[in-house]
Amino acid sequence: MATVQVSEAEKVYILHGIRDDLRVDGRGCEDYRHMEIETDVVSNTDGSAKVTLGHTAVLVGIKAEIGKPRPMVPKEGYLEFFVDCSANATPEFEGRGGEELGTELSNTLYKVFNNKKSVDLRSLCISAGEHCWVLYVDVLLLQCDGNLYDAISIAIKAALFNTKIPRVHISSDDEGGKEIELSDDPYDCMRLNVENVPCIVTLCKVGHRYVVDATLQEKACSVASLIISVTHKGTVTCMRKVGGGSLDPESVYEMTEAGKRVGKTLHAPLMKLLQEEESLGTKRQKVGFLG
Amino acid sequence: MAADMRLPSIRKAVSLLDSAFDRKDLVVPGDVITSDTGFMRGHGTYVDEEKLTASVAGEVQRVDKLICVRPLKTRFNGEVGDVIVGRITEVQQKRWKVETNSRLDSVLLLSAVNLPGGELRRRSAEDELTMREYLQEGDLISAEVQSVFSDGALSLHTRSLKYGKLGQGVLVQLSPSLIKRQKTHFHNLPCGASIILGNNGFVWLYPTPGQQDEEAGGFYTSLEPVSLADREVISRLRNCLLALAAHKVLLYDTSVLYCYESSVQHQVKDILKPEVMEEIVMLTQQKLLEQEG
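Looking up chain B in an unreviewed UniProt entry gives the name Exosome complex component RRP4, with the organism given as Xyrichtys novacula. Annotation of chain B in UniProt includes, under Sequence similarities (unreviewed entry), the sentence "Belongs to the RRP4 family."

As annotated in an unreviewed UniProt entry, chain A carries the name Exosome component 7 and comes from Xyrichtys novacula. Under Sequence similarities (unreviewed entry), UniProt gives the following word-for-word description of chain A: "Belongs to the RNase PH family."

Structural data, given as structure tokens:
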């Protein structure tokens, strides 16, 4: 993980600031930095999104491929997550340096999406037990400035919203075998229902309080943080504690409540933005990576 | 609490000076500086088909027959006398290594600091053993460049009461090209906070100190909570600095102060939003122009 050095006196300053609900950049304890979201940024994926949160930048691409359903759930497709840490983000990621963080992030994502409600996996089924859509969700970290989990989850939700899976027609031939035919029309596609896709909220315990969307400096002052994934209804799908420190049961409860509260408020503006972007259609001027 | 989400917008350059665009001494890589063969090739240039060509984006400088291009986006190239803000990365024998945004870590020799107990104190072997008590890894210091080694590494000194260990405050890391060279880089701003504009692009914001204890030699740091009012001023200044840097405005006391004044109508946390940033930088530039002419 990209870390920064912070001196003792700076830590004291940050700590006292959070106690007074005024963080170094002027935010309160439950404020996010402003977020920029753009979808459809990579043309050779089925769905993609780029999210920048402060100086954190995350790119998510989703590729749909036809695969075999898992034997236990023959009527469902599945999602595969892979997180790649680019050495552009920090030189620490060079070579195999980012592998550990990447695995940790993708394992968390598997847990977050390990339920029936997040994504309607049945809609990914083509023919039971034989063919289904596999969504490969590839996350690329372009810049690290704290709060990777939240940025990644928002980018995934936006990319899933943007995903267009071609429609398939199954026709059986004379010998009883099935043949899959992909639609040629690029507009003839299936969209996913992303209403129940959760967003992750990371709460960092700093001193006696907790903050959301911690910067790297604030992260350096905190010993433990709680990761909660929350749907728009406030349902928690996954909860994890990261960091070496310990948390009081009482503060875990308090942080969960706060996480639910904050997480619920993330969904409405995100959906509104995605729909607004969608309504602009092809007229929208794309910003991409050089804007 | 609500998160502010938006579509990215294409960044526009906010500049009231059009002349910046047709300046002849600004080049990009590949630009031919001169096809006259009478000149000597300096840093940031190469010869391509007998034409002197720029290899970096920046400003052309000519000293007699020597042509150099000074890059705009660069690490810090220190010169003797520069004020810097740096972070201790290592404690070694008789020296500290300091991160100063240069290509190589700078050194601060034990013999180049003022130890508690007056200027004329002899440095004993004991001092060498207790170096970590004065400055440890992660600590921030302000210092001056004493000399430059042949490989470009800097040797620092803190032999003045204005330099030394930094206490509570906020560090902002910017590009060294944005810092305007001035007589003094220490300012007590009238808005209620102090600023050190390090030539290396590190800017330190801290509450204006009261009476200083001279005996401590600058190694004593107060851990008393900073008042909320001071905090707000510091946070506002921090965001103003980032706004100015995002729009490539030169940083010195006047520009920072004008930016602070233009930002007062906005909440501190809103300053970093692109449209607010644009607005206050525009206002700042207007004020700076008025002041100049």
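Mapped onto this numbering, the UniProt entry gives "domain: Exoribonuclease phosphorolytic" (unreviewed entry) at residues 32-166 and 196-261 of chain A. Spanning residues 32-166 of chain A, this segment combines 21% helix with 38% strand, and its end C-alpha atoms are found 36 Å apart.

Along its 15 residues, helix H3 (residues 148-162) of chain A runs 21 Å from first to last C-alpha, staying within 8% of the 21 Å computed at 1.5 Å per residue. The element H3(A) is extensively covered by neighbouring structure, given that 15 of its 15 residues are classed as buried.

The next thing to look at is the pairing of strand S7 (residues 58-63) of chain B. Residue and element names in this part refer to chain B. Of the pairings in the sheet, the one linking strand S2 (residues 26-27) to S7 comprises two bridges and is antiparallel in character. In the sheet register, Leu-26 faces S7, and the bridge partner there is Glu-59. Count of turn residues in the S7/strand S8 (residues 66-71) antiparallel hairpin: two residues, of which Asp-64 carries a positive phi of about 55°.

Moving on to the interface of chain B and chain A. Listed as interface residues are 41 residues of chain B and, on the opposing side, 42 residues of chain A. Roughly 3400 Å² is buried in total at the junction of chain B and chain A, and carbon and sulfur atoms are behind 63% of that figure. Summed over the shared surface of chain B and chain A, the number is three salt bridges. In this structure, B:Arg87 engages A:Glu10 in a salt bridge whose closest nitrogen and oxygen atoms are separated by 2.9 Å.

Looking now at the side chain of B:Thr45. Residues and elements named next belong to chain B. Take Thr-45: it is sitting in strand S5 (residues 45-48). Under the relative-accessibility criterion, Thr-45 is labelled buried at 6%. A distance of 2.7 Å separates a polar side-chain atom of Thr-45 from the backbone oxygen of Gly-42. Each residue touching Thr-45, except ones within four places of it in the same chain, is listed here: Ile-33, Leu-52, Thr-53, Ala-54, Ser-55, Ile-67 and Val-69.

Glancing now at the pattern of salt bridges. All names here are of chain A. Scanning the entire structure with this criterion turns up 25 salt bridges over all chains. Here Arg-96 makes a salt bridge to Glu-99, at a shortest N to O gap of 3.2 Å. According to the relative accessible area criterion, Arg-96 is exposed, its value standing at 64%. Judged by relative accessible area, Glu-99 falls into the partly exposed class, the value being 44%. Here Arg-191 makes a salt bridge to Glu-278, at a shortest N to O gap of 3.0 Å. Linking Arg-191 in strand S10 (residues 189-191) with Glu-278 in helix H5 (residues 249-280), this pair joins segments that are 87 residues apart in sequence. Under the relative-accessibility criterion, Glu-278 is labelled partly exposed at 38%.

Procedures and definitions
- Residues numbered from 1 in each chain as written.
- Chains lettered and ligands numbered in written order.
- Predicted model: local features only at pLDDT ≥ 70, side-chain atom pairs only at ≥ 80, totals over all residues.
- Heavy atoms only, no water.
- UniProt positions renumbered as here; feature names shortened; annotations may be inferred.
- Helix = DSSP H or I, 4+ residues; strand = E, 2+ residues; numbered from the N terminus.
- Expected span 1.5 Å × (residues − 1).
- Buried < 20%, exposed > 50% of the residue type's maximum accessible area, 1.4 Å probe, protein only.
- Pairing = 2+ DSSP bridges.
- Contact = heavy atoms within 4.5 Å.
- Buried area = accessible area lost by both parts, 1.4 Å probe.
- Salt bridge = Lys/Arg side-chain N within 4 Å of Asp/Glu carboxyl O.
- Polar contact = N/O pair within 3.5 Å; in protein donor to acceptor, adjacent residues only side chain to side chain.

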